[in-house]
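Chain residues, written in single-letter form:
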Number of protein chains: 4
Amino acid sequence: MPSNEFGKVFKISTFGESHGKAIGVIIDGCPAGLKIDSDFIQYQMNRRKPGQSKIVTQRKENDEVEILSGIFEGTSTGTPIMLLIKNKDAKSKDYSHIKDSFRPSHADFTYQQKYGIRDYKGGGRSSARETAARVASGAIAMQLLALFNIKITAYVSSVGHLKLDKNYKELDFNNIEKNIVRCPDLEKAEEFIEYIAKIKKEGDTIGGKITCIIENCPIGLGAPVFDKLHADLAKAMLSINACKGFEYGSGFDGTKMKGSEHNDVFIKDEDRVRTKTNFSGGIQGGISNGEDIYFNVAFKPVATILQGQKSIDKEGNTIDIQGKGRHDPCVVPRAVPIVEAMAALVITDHLLRNQFSKVEDLL
Amino acid sequence: MPSNEFGKVFKISTFGESHGKAIGVIIDGCPAGLKIDSDFIQYQMNRRKPGQSKIVTQRKENDEVEILSGIFEGTSTGTPIMLLIKNKDAKSKDYSHIKDSFRPSHADFTYQQKYGIRDYKGGGRSSARETAARVASGAIAMQLLALFNIKITAYVSSVGHLKLDKNYKELDFNNIEKNIVRCPDLEKAEEFIEYIAKIKKEGDTIGGKITCIIENCPIGLGAPVFDKLHADLAKAMLSINACKGFEYGSGFDGTKMKGSEHNDVFIKDEDRVRTKTNFSGGIQGGISNGEDIYFNVAFKPVATILQGQKSIDKEGNTIDIQGKGRHDPCVVPRAVPIVEAMAALVITDHLLRNQFSKVEDLL
Amino acid sequence: MPSNEFGKVFKISTFGESHGKAIGVIIDGCPAGLKIDSDFIQYQMNRRKPGQSKIVTQRKENDEVEILSGIFEGTSTGTPIMLLIKNKDAKSKDYSHIKDSFRPSHADFTYQQKYGIRDYKGGGRSSARETAARVASGAIAMQLLALFNIKITAYVSSVGHLKLDKNYKELDFNNIEKNIVRCPDLEKAEEFIEYIAKIKKEGDTIGGKITCIIENCPIGLGAPVFDKLHADLAKAMLSINACKGFEYGSGFDGTKMKGSEHNDVFIKDEDRVRTKTNFSGGIQGGISNGEDIYFNVAFKPVATILQGQKSIDKEGNTIDIQGKGRHDPCVVPRAVPIVEAMAALVITDHLLRNQFSKVEDLL
Amino acid sequence: MPSNEFGKVFKISTFGESHGKAIGVIIDGCPAGLKIDSDFIQYQMNRRKPGQSKIVTQRKENDEVEILSGIFEGTSTGTPIMLLIKNKDAKSKDYSHIKDSFRPSHADFTYQQKYGIRDYKGGGRSSARETAARVASGAIAMQLLALFNIKITAYVSSVGHLKLDKNYKELDFNNIEKNIVRCPDLEKAEEFIEYIAKIKKEGDTIGGKITCIIENCPIGLGAPVFDKLHADLAKAMLSINACKGFEYGSGFDGTKMKGSEHNDVFIKDEDRVRTKTNFSGGIQGGISNGEDIYFNVAFKPVATILQGQKSIDKEGNTIDIQGKGRHDPCVVPRAVPIVEAMAALVITDHLLRNQFSKVEDLL
């Protein structure tokens, strides 16, 4: 049953295993006539790639994206765009020890049970390496969104118990790429980095949160009932490896509020209808209302730790298992461009879907 | 663009407006040979229906489900099952005042902008009345799941700032239907009910949380990458009216944990592989591992309050708007069966999808 | 597995059995703002309905279409349109004799094998009664196409060995509804009618062909590779009960031609690029080129004959089976509006899909 | 809008242009545990590849299939299978003359109109080179079908006005690969080959027909209403380049028959229910009945001829256009494995879909 595809009209299909020959993605549904800046694709890949700083995994992959189809003389033709990323620094030997055993809180056990076979090298298909294909295709989606001036920005808003306690409006997004943890508050960034470094030294890992803001989203994206804009964003985020939760607008804190506090009063701001507050998070009835869309995404600590743990093998024997391989002590710095890419894919899909909501737009 | 359908192999398509002639649902993909207990469908409908207690809306609907197709002599035939629920107590006059104005934090504005027209009566399609169709179809999914002994239980775990601070394992689920707020802790239930009654008296509304547990889910449901079991649950929940957030397993609290604390060690329990702890929430790599699946769903306060508010009309004039109609002071008591229904639809879909994961199962 | 839905963006889902309470259809994806003429829907229903003439089945159904949702004050709202048609003249007693036996060339045997159960009354879901739902939803699609001046016309072009040997351009389509067999050549119509009447008297049935023309189809509908416009038309037609074949443009005769004869030379006709000949049938590379689209659809003789036949029962005993019930001696007169409806659904779907082929159309 | 994918549960997504870097396909939905024989894949590729004989195009492509993912130690893992075929002998210079002009009966004009841009080299995406990806993925489908003993055989049954007038049961399928035109009657094969050679010498092209037989198809594949097995076969065939028509079972000739002649009487053959005749073509009510499935596919003459033709350029000027490049004088010899591949994809999809038709099969 197909489950490696995302999107209804701007659809991506990804493939590839962590230690296979390559990973990649087909985009089926990109409109023709989009000028593609491949440097921008590579820029986004670099933000996600391993080995970029001292607080991420030291696997070395350049993650160079090769375009195999769908783009002619720099412009999309309306046919499938195929993006290929070869795997280079796959050290499969690191994984022979898990061939017959199940690492705690990994997908080894469930894949084995579901499929009766698994590519255990580097976690195979369950590896977050698959997200490189999302970032590559998301970078094309972003180039379409840029024509509409839609801007998507994600940043790290907590690491473990450490928390950035400012509203996104108080922050300078230009700071995000100025530090290796991708937090727009430079002081807080330092704290996060130090903490991750300490955790890494312990051979341990830590969770964290990412906040994402979508600015200039046109009114009308999203659909009633099942394909509410926030429902599609939730699925997109929860599909990212290690994600445990999603909230938008007032989120879980909104459960404590009264209607009289929570309601966003409509006001007229020059020609535009706006809301005074934005507890709705830019989405009402599943449809964007023109205000900023904002949401939080929770990530658990990485399961691979460089400490001894108990586990069992295929035969059910209790074993000692020791994390090997090269792993992230905390996913959030590298997950920032992934969150942005998935948000871009959702918004692009709904932007296109909204082309035929009204008969008058067709004529 | 279709957006009123949910599920890939056990698919529902809902239709209908709050004050139209009827609402309903087609189930396409229910296997043949399922004995249908229509009393059970009605039982679930009654748990969702308006007017059932003093803390819910007083609209009177019996929500009787008529089966128009797909069931022959009490058994499913493999053809589409059509369930029809007529609207009876629609007081459309209550809504003439919003024909040309936008209620704060409702979908009036976004529907009008997206479609250029809206059925304003009772909120039309944006009304939570649509969820009756979900509960009806979910009740059929549950009858399929019952053959596998899969059990889905939801309950209210917070109302406003009031919170049930017990793990689900300490609770007696038999208590849930013994009180009108649907909380398994009878003391806490009393607190919740009193608080909602007070909020109602103020003409205000309040948010809350629902916790849901799926027991006896077989190993292997869910799919790698985009259709992770929890990603589909997240989308299902966020598609429910007023939902603001979703977390499963360790959830947002898991972001504060270290890998060494969070990892669920595998153990052998008689013939079964189990985990010692269950921070994974029964899902690893997007696939169920046989442990309990549990998650929380956040609901905002209902937008309709019986207090005066400012808003604007279609022409952009500032107006005073006064909540009318019959509305819930808090959605969570009635949302319990909706959460269960959506969970049942997701699990049924993945149960069927898992039929052809392995070649050996086909032969 | 869902299989009762058709279309990707203008999608219909049908339900209902021949002798159940009702049949019907949900349209999900109709743009908002379409004025709906329900008389036109009924007009199309009447063209398909049983009992309309002496050469069709004598079952009496008015096939009145009730609109249950999605249309507000006569205009589509962008939400699902639900159309319900109640079954009235179901004489289920006529079918008790086939409860345990399999009628030759009917779906009794295959349904029983596939599902282990079947609603045998009137053939249940396998009855061509299901096509009433297609005609109803097709009538809404046609109202959308009318805004683009797209015109779909089908007619009977052969009955048994009798054949209308004229090109569609020589015919007066106004004659089609002037005779009960729906042939635009009135002389040929007489022959067809007489022949069907004779066949009927013999208790036998006969096959036939329908030709369909789509005029004023805009350039650009259809998609490369799998969703070629003619591939979707083929699937649409072959999904109609009793259909055995489809050909478009030069069709099967085109296999005998040379490229030098078959190629359609492009010419400039005032501002328009046209082709001198039209062996392509208005579609090149799967995409409409602005010329007339035309195709033929083959229908086999109805399987129910009023003659004794041998067959077997569930236990495998040889039995004599005698056709009962009220049946058509030839399907083509009533299939004309069904062919048109399916064509309208395909063209509408691709018309909407074509809205986002080019970036410049989005801006 | 995605249109480069085929299948619902065994789904392929193809990409690539005729003169781009590569073409290829992702298979999403292949069950785990299938042993893959890559020699067989290559064998099928060789049957389709250019340059294989004197009556096909002389482009030289080895069409070597590289497997980039989804197969681990020779066995499918349930994750996407990616098959890559690099383009080698692309002589793009041959195409500069059509950059700004439209070849008659090609897709140049419609692609340009639909997308505003086209990769004109070798026809880009509209080239039949895309079908190599279908053959590669079809070869994997066939390996799954082989486990069920399902056998798919296609052969050339007419070329131009020359026709093989024997029923498939009188033919020896072992002869098909013994001649370059792929006709099981060796005498007729000679005639076909000579005729094609003559046509080629004239710089012209010719159409033809392919007949396909599916043996040992289990009872129960296919679905009522829209996804009838023959409707999906029709779409599959019509999606092949140059295809103009499809008929199954009695086909167009069936329109001339009476019900009393056409009905297939059920008989008991040992333990099996069979039919005496098989005008149904192995499918009743859209569902396979266990008899042989057989159908015909019509192909038009190739549009590229090596003769001068009139056409127009982008500006609408009348021009002389001369066919260049290396092209087939007749598509049918190379289309045989394509027809088989598409049939295999349809049958595999429905074989998997049929896994959950009955509740009793689930338990």
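Residues numbered from 1 in each chain as written. Chains lettered and ligands numbered in written order. Predicted model: local features only at pLDDT ≥ 70, side-chain atom pairs only at ≥ 80, totals over all residues. Heavy atoms only, no water.

Peer 1: So what exactly am I meant to see when it comes to the relation of the copies chain D and chain B here?
Peer 2: The two chain copies are connected by a rotation around an axis plus a translation along it. After a rotation of 180° and a shift along the axis of 0.0 Å, chain D superposes on chain B with an RMSD of 0.0 Å. When the rotation and shift are considered jointly, the pair of chain copies conforms to a two-fold rotation axis. Within chain D, Gln 355 of chain D has its C-alpha nearest the rotation axis, a separation of 3.3 Å. (Least-squares fit on C-alpha atoms with pLDDT ≥ 70 in both.)

Peer 1: Any chance you could explain the sheet that holds strand S4 (residues 65-69) of chain B here in plain terms?
Peer 2: Remark on secondary structure: sheet strands pair via backbone hydrogen bonds, oriented parallel or antiparallel. Taken together, 5 strands build an open sheet; the order of strands is S1-S2-S3-S7-S4 (chain B) and the sheet is antiparallel. Both edges of this open sheet fall to strand S1 (5-6) and S4 of chain B, since each of them pairs with a single strand only. (Pairing = 2+ DSSP bridges. Helix = DSSP H or I, 4+ residues; strand = E, 2+ residues; numbered from the N terminus.)

Peer 1: Looking at this model, I keep getting lost on the interface of chain B and chain A. Mind explaining?
Peer 2: Many authors give the size of an interface as the accessible area that is lost as the parts come together. Contacts between the two partners involve 110 residues from chain B, matched on the other side by 109 residues from chain A. Taken together, both faces of the contact between chain B and chain A bury some 8300 Å²; the carbon and sulfur share is 62%. Contact with chain A buries area across many residues of chain B, yet Lys 114, Phe 226 and Lys 244 of chain B alone supply 11% of it, more than any other trio. Summed over the shared surface of chain B and chain A, the number is 6 salt bridges. Its salt-bridge partner being Lys 235 of chain A, residue Asp 232 of chain B comes within 2.6 Å of it at the nearest N-O pair. The interface formed by chain B and chain A holds 47 residue pairs in polar contact (both at pLDDT 80 or more) in total. Taken together, the residues of the side of chain B that touches chain A sort by class into 44 nonpolar, 41 polar and 25 charged. (Contact = heavy atoms within 4.5 Å. Buried area = accessible area lost by both parts, 1.4 Å probe. Salt bridge = Lys/Arg side-chain N within 4 Å of Asp/Glu carboxyl O. Polar contact = N/O pair within 3.5 Å; in protein donor to acceptor, adjacent residues only side chain to side chain. Nonpolar A, V, L, I, M, F, W, Y, C, P; charged D, E, K, R; others polar.)

Peer 1: Could you clarify how one ought to interpret the side chain of Asn 87 of chain D in this entry?
Peer 2: Residue and element names in this part refer to chain D. Mapped onto the elements of the fold, Asn 87 is located in the loop between strand S7 (81-86) and strand S8 (101-102). Accessibility expressed as a relative area gives 11% for Asn 87, which makes it buried. Polar contacts involving the side chain of Asn 87 include one to the main-chain carbonyl oxygen of Gly 20, which spans 2.8 Å. In contact with Asn 87, other than residues within four places in its own chain, are Glu 17, Ser 18, His 19, Gly 20, Lys 21, Ala 22, Ile 23, Arg 59, Glu 61 and Arg 129. (Buried < 20%, exposed > 50% of the residue type's maximum accessible area, 1.4 Å probe, protein only.)

Peer 1: Hey, could you run me through the relation of the copies chain B and chain A in this one?
Peer 2: Under the fitted operation, chain B is carried onto chain A by 0.0 Å of movement along the axis and a turn of 180°, and the coordinates agree to an RMSD of 0.0 Å. Same-surface contact between copies: 99% of interface residues of chain B are shared with the interface of chain A.

Peer 1: It is not clear to me how the pairing of strand S11 (residues 208-215) of chain C should be interpreted in this structure. Could you clarify?
Peer 2: The side chains of a regular strand alternate, first on one face of the sheet and then on the other. Residues and elements named next belong to chain C. Extensive coverage of S11 is indicated by the burial of 7 of its 8 residues. Relative to strand S17 (residues 293-299), S11 runs antiparallel, the two sharing 7 bridges. Following the sheet pairing, Lys 209 is matched in S17 by Ala 298.

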